[in-house]
Amino acid sequence: MDRLEVRDLVYFVAVAEHLHFGRAAEQLGIAQPPLSRAISRLERRMDVRLFERTSRRVDLTTAGEVFLRESSRILAALDGAVRRTQQAARPQRLVLAAPAGTGAGLLAEVLEAHRRGVDPAPVEVLFTTDLGAALRDGTADAALMCSSDDLDGLDTVDLVEETPVALLPAGHRLATRESLTMGDLHGDDRFRAQSPPVSLDELLDRVALGELVVLSGASATGRLGSSVVAVPVLGAPANRIVLAWPRATRSAARDRLVDTAIAVAARS
């Protein structure tokens, strides 16, 4: 089989996401008949049925679901390759992604130390809840992440280890305890071992309102108000803060930022 073209993947993903040839064609800016022919041609070339079609609906086959995941990953990787290539052709500038609400502490110390370094590249901070995606699509050059995040396809270096704490509403029955166990927390149906993908400020608001009880790193305690209490959790695995970047990519400016972060963390 000849190698597929990017257009084949773009057409397929559009139909797979909409499960409607008309809406997919409208998104792509083409007529529906050519799109239908292109998908049929793709299935013949691959010798695989990707869609189940009836007069009333379109569904992905099991093979189609696999191809959607793979095609989406390939298109995202291609977009990232274009962005990184464009960045390499411009005057050196770094984009460092970080969770929203983490401007103080380690991030601020790393940026200040970087600015005092020799010939530092300008650093733009991108606050986002999807750090891995920002690295994989080329939006960011590096990111401060947690060891529990999805680090697939990324190179990392450990910076600091955080003591796990439970974030509780101030009026919670466990809020006055000196320490807790995971068993204590699992007895509350509001408990989430993994924080939802929201900013730290929103997370604290939801805890204060009594919607959530969550595990967090101790660095979050610097932003607590009177409505949220942090209690150490015994026996919970410590979380590591890591600096991550796309695997097998080169950047002298980024490497200097990584070295600076390691040095700052070693002094902490």
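Scoring rules and cut-offs
- Residues numbered from 1 in each chain as written.
- Predicted model: local features only at pLDDT ≥ 70, side-chain atom pairs only at ≥ 80, totals over all residues.
- Heavy atoms only, no water.
- Buried < 20%, exposed > 50% of the residue type's maximum accessible area, 1.4 Å probe, protein only.
- Helix = DSSP H or I, 4+ residues; strand = E, 2+ residues; numbered from the N terminus.
- Pairing = 2+ DSSP bridges.
- Contact = heavy atoms within 4.5 Å.
- Axes fitted to C-alpha atoms, helices over the stretch in contact; angles between N-to-C directions.
- Phe/Tyr/Trp six-rings, centres within 6.5 Å; stacked < 30°, edge-to-face > 60°.
- Salt bridge = Lys/Arg side-chain N within 4 Å of Asp/Glu carboxyl O.

A. Quick peek at the pairing of strand β5 (residues 142–146). Most of β5 sits inside the fold, with 4 of its 5 residues counted as buried. The sheet contact formed by strand β3 (residues 94–98) and β5 spans 2 bridges and is parallel. Within the sheet, the bridge partner assigned to Ala97 lies in β5 and is Ala143. When β5 meets strand β12 (residues 239–246), the two strands line up antiparallel, connected through 4 bridges. Its bridge partner lying in β12, Cys146 is registered against Ile241.

B. Just the side chain of Ser251, in detail. By secondary structure assignment, the location of Ser251 is in the loop between β12 and α9 (252–267). If we skip the residues at most four places from it in the chain, Ser251 touches Gln92 and Leu94.

C. View of the sheet that holds strand β6 (residues 154–162). Pairing in this open sheet of 5 strands is mixed, and the strands run β4-β3-β5-β12-β6 from one edge to the other. The open sheet has two edge strands, β4 (123–127) and β6, and neither has a second partner. On average, each strand axis in the sheet is inclined to that of its neighbour by 25°, with strand direction left out of account. Strands in contact with helix α5 (residues 106–115) are β3, β4, β5, β6 and β12; relative to β4, the strand with the most contacts, it is inclined by about 165°. Contacts from α9 reach β3, β5, β6 and β12 within the one sheet, and its direction differs from that of β6 by about 20°.

D. Inspection of the packing of aromatic side chains at higher detail. Applying the stated criterion to the full structure yields 3 aromatic pairs. Arranged with centres 4.8 Å apart and planes meeting at 50°, the rings of Phe12 and Phe67 form a pair that is tilted. Of this pair, Phe12 sits in helix α1 (residues 6–18) while Phe67 sits in helix α4 (residues 62–89), placing them 55 residues apart in sequence. By relative accessible area, Phe12 is classed as buried at 0%. For Phe67, a relative accessible area of 13% corresponds to the buried category. Ring pairs connect the aromatic residues Phe12, Phe21, Phe51 and Phe67, which therefore count as one cluster.

E. Representation of the pattern of salt bridges. Applying the stated rule across the entire model yields 14 salt bridges. We note a salt bridge from Arg116 to Glu112, for which the minimum N-O separation is 3.5 Å. Residue Arg116 is classed as exposed on the basis of its relative accessible area, which comes to 58%. Assessed through its relative accessible area of 37%, Glu112 is described here as partly exposed. With a closest N to O distance of 3.1 Å, Arg190 and Asp188 form a salt bridge. Owing to a relative accessible area of 28%, Arg190 belongs among the partly exposed residues under this scheme. Bridged by salt links that share partners, the residues Glu112, Arg115 and Arg116 form one connected network.

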